[in-house]
Amino acid sequence: RAVYVLEWLKSHPNEIPLPPRGSLLARWLFQPFDMLRRLGFTAEQEAEVLALSPDASVNDRQKGLLVVENVIRGTEAEQKLKPGDVLLEVAGKPCLNFVILEEQLDTAVDHEVNIKLSRAGEVMNIHLRVVDFHKLISHDFVECGGGVFHVLSYHTCKTYNIPILDRGIYVAQSGFSFGLQIPVSAVITSVAQKKVTSLSDFETALAGVPNKEMFEVRWFNPSANEHRQKCSMIRMERTLWPARVWDFCPKRPNTWKRRSWVDEGMKQMAKTVTAPEPVECSPVSDARSRASAEQDSDTVPAALREEDSFGYPENSDAAISMVQPMLCTIVTQVSHEYATDFLQSKEENKSTVIRRFGVGLVIDSVSGLVLTDRYTVPQPLVEVELTFGQTVTVNATCLFMHPHHNMVLLHYDPLAVKDLPVRAIDLGNVGPKTEELSAGQVLSFVSIHSDHQLSAKQVTVGSMCLKVWPFPQPPAYRGRNLEICNLNDTLHGLGGLLIEPAPFYRIRAWFAQFPAGSLRYLAGVPVQVFAAVLSSLGLPKWAERVARPLDPSLAVAALECEFEEVSLAKARREDGVPLENARALAACSSGGRRQILRVGRIMSGGGCDGILLEGDLVLSINGKPVTKPHEIEREMRKCHAPSGEESVSSMQWRVQRSRQPMDLDLTPTLLHSDGTEHIVVFNGVVLRPTPRAVAERGGPTLPFTRPGQGLYFWYIYPGSPADTFSFADSRAMRNLGWLVQLNNEPTPSIDRLLEIIHSGALSGCEWLRCHVMDAEGRLSVRALRPDFEFWPTVEIVRRKSQGQETYQAPTWERVEHMA
């Protein structure tokens, strides 16, 4: 066959490089004569075959013939051929082997040929039409929602015995939209209640589905021997993954041409970046007035009003009835290639889409604010759904990710849950004098599960500590300076609230999931701790309880260092803490613990680098003794400038260093929301500004490695040019590092890289010299052959509203940059 193709290409230098290939849509198997005898082949027929080559030697003598093994369903061959038929002649010529068969079929494409065969010893003549084999191979394909789809191929039909006619659409890659519902290798038969038998049918059906809308897909999975159809509901996603078709263009060499949907009107829809509808926070609508009235109501569980369309499920447990209006279930989805700020578990690494479940705590039902953890919402580029009362599911956006603490603020449209009496947690009475948790307390723990149901159990507080989390590898978010509480009991669920028993039902702690590398850890945050964190952000406005405009540029004053707990006795003995300071620290300690804070780690290049030193013991701040991180944050809150000014005033620190007290003047750093909000995919390597987690490791301060600077990479698309030409040494660099120079141009930022692309400096370059740097500062050069047709430069950026009276939810935009 290789000789035939080579000769055809030589003799047709100016034609499309598709040599004719014919097929009868049957599988043939060469069988020896003794096996043919078992199938009814007679001795006379064998003698006739051997007579065709009477002068052949014993070794060269014909030893068997081709036999029909099976046929493809839904074809003419299925009607006229039977398994076990012995092939004698094709088009009047004896057919002794595969070479003769293929030669005869290739010259008779789209024509009928006479087939002479022996069926159980009886010689028969039939006519079959030779099918163009190229038409049975899937050349064109569709991209939608990050998935890749094409017509079910001939080979798949043959493997799983699927009819070749009306064969459906094959899922080659499920992607973001289809990944959690439909597996790879599935066959789609209908989309949005429209039968799809060809790629044009599939394209037309998808083009009629608006962005972010749900639609029905029916499919079956032949690879699992499941031919019964299943039904899944899929959400259309065109913001980050625009829908497009790749048409095969046979030429020398073969290539594909990209085009948009058949419906021109869908182009504009694909450009629209949808998110939760803008929320007008200034005027107080009827729904928000009702939400405000709910906050004014008493916190003791009460029956829901009869005029509500929906109510929370009734429960005989008073603790559950009290807290369920404050809780919601959170489901997040992240595409694997855009998982920028966290580590995945082994199961998540195998999945195209990463889905996580968590618990949300309503802190402001008027403006629509929910508090959750950074395990559930690990980054800003994420799809978030909130479910209230097992009844209403709404979309949410990430408003603020705390750079140090395991806390994320989400925003949702409160009008979407107007039929539920959602109530915010009441933290108005929480302050510095609030009683702290102590070991041995018996409380009630109300938890929420992934099926949106709640449960309650009696638990005992085990310990309170300042947890020092291990460093993940590769660098990712790691919590710091946050007190947690552990229980003596086994916990189930996603998290919840720790409350006092009847009759008070006061909330004592919020339990959430803490990221610990690729694992999770369920622990509680005392109420006064997370209340102090929210207060440092100026949220929520409990005293006013009216709808106020949300500030999209929230910031918090923070020290870029990490504290550890040291017992007061050890500090006095080993570090020489003065007696008067020890007495003051002991007097302000609570919860049965007497400890002092020690500086354990300082961020390289941070605000306190060069002022504080590792090992310093904190004696007092602004003349007040402090023993807990949230007390330091409370003092930093007082240094905040008025709203709208990006500055903080300094604080007076007294520390113990080298057994001597020392006074320091320290100014906190104003930090905005954490997380990656700007990404560029360049020839298959995903680039972003350097994350804070890299600098927090305390490594050497290198060019382009400060947070928000440089082009940091951590993921490379399989099969991309960057993967093909080994952009990163997987053994030495572990696919991590910085792109610091492209040819002769430095690349200190994403904007600079885009400038280089727009300038045309890369146009016509057969090879690109990519200078990359690893975490230790070692430079190396990688030669990369660009492919801007199949791997265009794609920019993904989060846009925030600026200078508007009403709050506009941030939106994600995808822009392609042509070289």
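Residues numbered from 1 in each chain as written. Predicted model: local features only at pLDDT ≥ 70, side-chain atom pairs only at ≥ 80, totals over all residues. Heavy atoms only, no water.

Peer 1: Can you walk me through the pattern of salt bridges in this structure?
Peer 2: Two side chains bearing opposite charge may form a pair once their charged atoms approach each other closely. Taken as a whole and assessed by the stated rule, the structure comprises 37 salt bridges. Note that Glu385 is salt-bridged to Arg235, the shortest N-O span being 3.9 Å. With Glu385 in strand β21 (residues 383–388) and Arg235 in strand β15 (residues 226–235), the pair connects residues that are 150 residues apart, well separated along the chain. Judged by its relative accessible area of 31%, Glu385 falls in the partly exposed class. Salt-bridge contacts for Arg814 lead to Glu816; the nearest nitrogen and oxygen are separated by 3.1 Å. Because the salt bridges share partners, they merge into one network encompassing Glu143, Arg244, Arg258, Arg814 and Glu816. (Salt bridge = Lys/Arg side-chain N within 4 Å of Asp/Glu carboxyl O. Helix = DSSP H or I, 4+ residues; strand = E, 2+ residues; numbered from the N terminus. Buried < 20%, exposed > 50% of the residue type's maximum accessible area, 1.4 Å probe, protein only.)

Peer 1: Help me understand the packing of aromatic side chains, please; the structure alone is not making it clear to me.
Peer 2: In this description, a pair of aromatic rings is defined by centroid distance and the angle of the planes. Enumeration according to the criterion identifies 23 aromatic pairs in this entry. Taken together, a centroid distance of 6.0 Å and an interplanar angle of 15° make the contact between Phe141 and Trp246 stacked. Of this pair, Phe141 sits in strand β9 (residues 141–144) while Trp246 sits in strand β16 (residues 244–249), and the two are 105 residues apart along the sequence. Residues Phe141 and Trp246 agree in their burial class; the two are buried. An aromatic cluster of three or more residues is present, and its members are Phe141, Trp246, Phe248, Trp256 and Phe790. Across the ring face of Trp714, the terminal group of Arg688 is positioned such that the distance to the ring centre comes to 4.6 Å. (Phe/Tyr/Trp six-rings, centres within 6.5 Å; stacked < 30°, edge-to-face > 60°. Lys NZ or Arg CZ within 6 Å of the ring centre and 35° of its normal.)

Peer 1: It is not clear to me how the pairing of strand β6 (residues 112–119) should be interpreted in this structure. Could you clarify?
Peer 2: Put simply, side chains in a regular strand alternate between the two faces of the sheet. Note: strand β4 (residues 86–90) against β6, four bridges, orientation antiparallel. From the neighbouring strand, Glu89 faces β6, where its bridge partner is Lys116. (Pairing = 2+ DSSP bridges.)

Peer 1: Just checking my understanding: could you explain the sheet that holds strand β20 (residues 369–372) for this structure?
Peer 2: The strands making up a sheet associate through hydrogen bonds between their backbones, and the pairing can be parallel or antiparallel. Pairing is antiparallel around the closed barrel formed by six strands, whose spatial order is β18-β19-β20-β23-β22-β21. Taking each pair of neighbouring strands and ignoring which way they run, the sheet shows an average axis angle of 40°. (Axes fitted to C-alpha atoms, helices over the stretch in contact; angles between N-to-C directions.)

Peer 1: Would you mind going over unusual backbone geometry with me for this structure?
Peer 2: Peptide bonds are mostly trans, and most non-glycine residues show a negative phi. Following Gln473, the chain continues to Pro474 via a peptide bond in cis, the omega torsion being 5°. Along the chain, the position of Pro474 falls in the loop between β25 (454–466) and β26 (483–487). Between Ala502 and the following residue, Pro503, the backbone shows a cis peptide bond with an omega angle of 5°. Its place among the elements puts Pro503 in the loop between β27 (495–499) and β28 (507–516). In this structure, Lys212 is a non-glycine residue whose phi angle is positive, near 70°. Phi angles above zero are rare outside glycine, and Arg659 is one such case at about 70°. For Arg659, the position within the fold is in the loop between β35 (651–657) and β36 (660–666).

Peer 1: Help me understand the state of the cysteines, please; the structure alone is not making it clear to me.
Peer 2: Where two cysteines share a covalent bond between their sulfur atoms, that bond is called a disulfide. Counted under the stated rule, the structure contains zero disulfides. In this structure Cys485 is a free cysteine whose sulfur lies 9.0 Å from that of Cys465, the closest cysteine sulfur available. (Disulfide = S-S within 2.5 Å.)

Peer 1: Just to check I follow, could you spell out the environment of Leu664 for this structure?
Peer 2: Residue position: Leu664 is located in strand β36. Distance from Leu664 to Leu612, taken between C-alpha atoms, is 8.2 Å for residues 52 residues apart in sequence. Leave out the neighbours within four places in its chain, and Leu664 touches Ile611, Leu612, Met651, Gln652, Trp653, Val655 and Arg657. (Contact = heavy atoms within 4.5 Å.)

Peer 1: Would you take a moment to explain the nonpolar core for this structure?
Peer 2: Note on soluble globular proteins: their nonpolar side chains tend to be buried together. Ranked by size, the top nonpolar core spans 44 residues in total, and within it Leu361, Leu371, Leu409, Leu497, Trp510 and Phe530 carry the most contacts. Among the elements that take part in this core, helix α13 (residues 527–536) stands out by supplying six residues, more than any other. (Core = buried A, V, L, I, M, F, W, Y, C linked by side-chain atoms within 4.5 Å.)

Peer 1: Would you mind showing me how to read the side chain of Glu216 here?
Peer 2: Its place among the elements puts Glu216 in strand β14 (residues 214–221). With sequence-adjacent residues up to four places away left out, Glu216 is seen in contact with Ser190, Val191, Ala192, Gln193, Cys231, Ser232 and Met233.

Peer 1: Is there a simple way to explain helix α19 (residues 750–758) in this structure?
Peer 2: Each α-helix turn comprises 3.6 residues. Residues three or four places apart therefore point the same way. Taken together, the buried positions of α19 are Ile750, Leu753, Leu754, Ile756 and Ile757. In an axial view of α19, the angular spread of the buried residues amounts to 155°, which keeps them on one side of the axis. Buried residues in α19 make contact with β38 (678–682), β39 (685–688), β41 (737–742), β42 (745–746), β45 (793–799) and β46 (811–817). Trailing α19 by a residue or two, Gly760 shows a phi angle of about 85°, which is positive. (Arc of directions from axis to C-beta.)

Peer 1: What is the right way to look at the packing of α13 against helix α16 (residues 629–638) in this model?
Peer 2: When two helices pack together, their arrangement is captured by the angle between the axes and the distance separating the axes. As a packed pair, α13 and α16 sit with axes 9 Å apart at the nearest point and diverge in direction by 20°. Between α13 and α16, the interaxial angle falls into the category roughly parallel. In terms of crossing hand, the pair formed by α13 and α16 is left-handed. Contacts between α13 and α16 involve Gln528, Val529, Ala532, Val533, Ser535 and Ser536 from the former and His630, Glu633 and Arg637 from the latter. Residues that form the contact of α13 with α16 fall into these classes: three nonpolar, four polar and two charged. (Parallel < 35°, antiparallel > 145°, perpendicular 65-115°, else oblique. Left-handed = near helix turned anticlockwise from the far one by under 90°. Nonpolar A, V, L, I, M, F, W, Y, C, P; charged D, E, K, R; others polar.)

None of the figures reported here should be taken as evidence of function without further support.
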